[in-house]
Every structure is written in C-alpha cells, then in structure tokens.
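Working through the structure, step by step
Listed below, chain by chain, are the residues.
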Amino acid sequence: MFTSLVAQEDIRKGFIIDSVGDTIHGMIDFQGDMKNSEECIFFDKNAQPNTYKPFDIQGYRFNGGKFYVSKKVEANDTVFEIFAEYIVNATKDLFYYRDMKGFHYLISYDDSTLVEIPFKEKVIRKNGEKYLYKSTKHIGYLKTYFADCMEIIPEIESISKPGRKNLTALATKYHKITCGDTECIVYEKPKPGFRIGFEPIFSTLKISGIKGYNNQIGGLLYFWMPRANENLFLKAGILKTELNGGTEVYRIPLKFEYIFPQKVIQPKLGAGVNIYSLKIPEYQVHGASVMLATSGGFHIKLNKHFKIDIGFETDLVMLNYQTDLFMSHSLRGGLIIMI
C-alpha cells in the first residue's frame, strides 16, 4: 500500500529556471528529498506535466522553500548528475542530497561540480568490546574549504558529525566575517530531525459476535522525521475497553500512517498491527494475539501544534481462547498535540 502512496502527488507553487536562464512560474510536484534530486515534474499554465532531468534546466524552486540546481557530483572516482538542494548561497556555498545510503552534504569544487564532505560512522570491535567509530576526515576538508578565515577553525574542529544545522551556521558565520556587507541567503529553514506528538483518545469498539459498541479510551504517540518524509508517521499507544461481565480488552497499535498533503482537511491511511490483550475474569482467561490492522480518516489542521483527528480502524482478530476469526472495527476522535 505504501509503495503506491509514495506516488501521491503533492503539488506546490514554484518556478523553474530553463536552460537559457528564463524563470517560468507554475506548479511543481514535491516528491521528497530523493526523487526531488532525480527529476522535476513541472506543470505549466495548461496543467500539462513536463519532467526534467538535471541539466535539462538550470534548476527549480518551491515558493519560499527548497531550491534545487543542476550539478555534477564527484564521489568515489565517479561523476554523476543530480538536482542538488541549495542550502546556503554565500561566499562559500553548501548543498545537500539524500539517497538510499543516507544524507550527503556537498561543497563546490568548481562552478558545475560538487564534492562531498566525507563522513563515516560504524560500530567496530576492539578487545571484545563494541565501539562507535566516527571519522574526522571532514574536519580537514572544511579547514581547506574555509582556509582563508582562521576565526572559524574552532567551530570546524567542534563538528563531530556534519549536518544541515552546524554547516549552515558555519557558512553563515564565514560570510559575515569575510563579506559582511552582502547578504547571505539560507534558502529554507531546516525542519526538525525528529518530532513527537501525543493524542488522548476516546472511541468506540465493535467486535463481531458481541452486541453493541463499547467505549474505548487511551492515548497514542506519533513519531515523525520531517527531513526524511514530511507525511509519514509511526504511531503507537494503548487503548482499553471494558465489555459486559468485567471483560477487559487492551489494544496496542503499532502502525505507519500516511497523511495526504492538504492545507486544512488532510485525509490519511494507515497499516500495521494491533496487539490484543484480553482478560475474562469469569472464565479466568487471559490471552493475547496480534493481527493485521488498517485504518483511515482525516485530520483537521488547526495550527502547527494541534490537529483534530477523526478516524476508523478495522482488523482481523484471533484470540487465544477460540479458533474462530472475527472482525472488529472502531470509530474514534481525538486531539493531536505536536511537540
């Protein structure tokens, strides 16, 4: 399901800079960091999509957001072409792209070619113990790149791992020291690497074979990595339902949830598992099971910290005390609080 969801269009206002330097405004499909570096899908005034590869155009930008430019990258004795994300436009420029291997930060070798700031970390064994090894080669690269400004050497030596925040601060400080009379452009404020949200839940649960709907209360946690994917969450929590006769049902969801990129009302789809724990005092039964679960619904975005959540969920349950499969479904409402 999520293979299909990755292709969901997120069309945003922006512009391209064509091969002769003309700016053409329209709409651009925001595809995530990896796909944005591979291609640009631009919709012209007739709403017709045009797909551009690096060097078909000089670059493109989302209004007020990410800016990508055609560049060649030299790495591991090979040269390849990408749309590199422009992080800082200053006396010394910084760029970024992401692939399946991770995050890559780049500096200019010449007008068209970039080289990666090297960094590796890995777990090594020494005397029977495990250690996390972090390379320091990046420090030498940065000292060479900013060699004409000794004032920032302490900042360079303090960078244990290159990242968007510390490299942006470094380039900005260098520019202020060496060219304080001109503007240093940071194209987009970096999104947080990790966010968490909490949702108190009130819902109803219906299990086939049991009459009526039963109240369900609990809470959910949302884990989000905006830099990796702006719309995909990992959701976990615990919900409790009391049935007739003192039976208690605990549900522990563990799911991925995709939020469609709309402005206010945001549809969502989810898939994962629910872990059930069942207590029936009358029969001294205490069982547990795991089942596949799917969900849907929508969020109503109030602001960047609060969302109203309306959703439904369906799963197929096999409880330990019986062999029959039966469906359960629930309807719920809650308020998501993003930290």
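Look above for the structure.
Basis of the calculations
- Residues numbered from 1 in each chain as written.
- Predicted model: local features only at pLDDT ≥ 70, side-chain atom pairs only at ≥ 80, totals over all residues.
- Heavy atoms only, no water.
- Buried < 20%, exposed > 50% of the residue type's maximum accessible area, 1.4 Å probe, protein only.
- Helix = DSSP H or I, 4+ residues; strand = E, 2+ residues; numbered from the N terminus.
- Pairing = 2+ DSSP bridges.
- Core = buried A, V, L, I, M, F, W, Y, C linked by side-chain atoms within 4.5 Å.
- Contact = heavy atoms within 4.5 Å.

1. Some remarks on the pairing of strand 8 (residues 94-99)
Strand 8 sits mainly inside the fold: five of its six residues count as buried. Inspection of the sheet shows strand 7 (residues 78-89) paired to strand 8 by three bridges, in the antiparallel sense. Bridged to V88 within strand 8 is L94. Hairpin connection, strand 7 to strand 8: the antiparallel pair is bridged by four residues. Count of turn residues in the strand 8/strand 9 (residues 102-108) antiparallel hairpin: two residues.

2. Quick word on the nonpolar core
In terms of nonpolar packing, the biggest core is built from 23 residues, with L94, L142, F146 and I156 touching the most fellow members. Every element with two or more residues in this core is listed here: strand 7, strand 8, strand 9, helix 3 (137-145), helix 4 (153-157) and helix 5 (164-178). A per-element tally of this core places helix 5 first, with four residues. Sequence-distant contacts of L142, that is, excluding residues within four places in its chain, are made with I117, I156, I159, L167 and L170. Among the nonpolar cores identified, the runner-up in size contains 13 residues, and F67, V69, A84 and Y86 belong to it.

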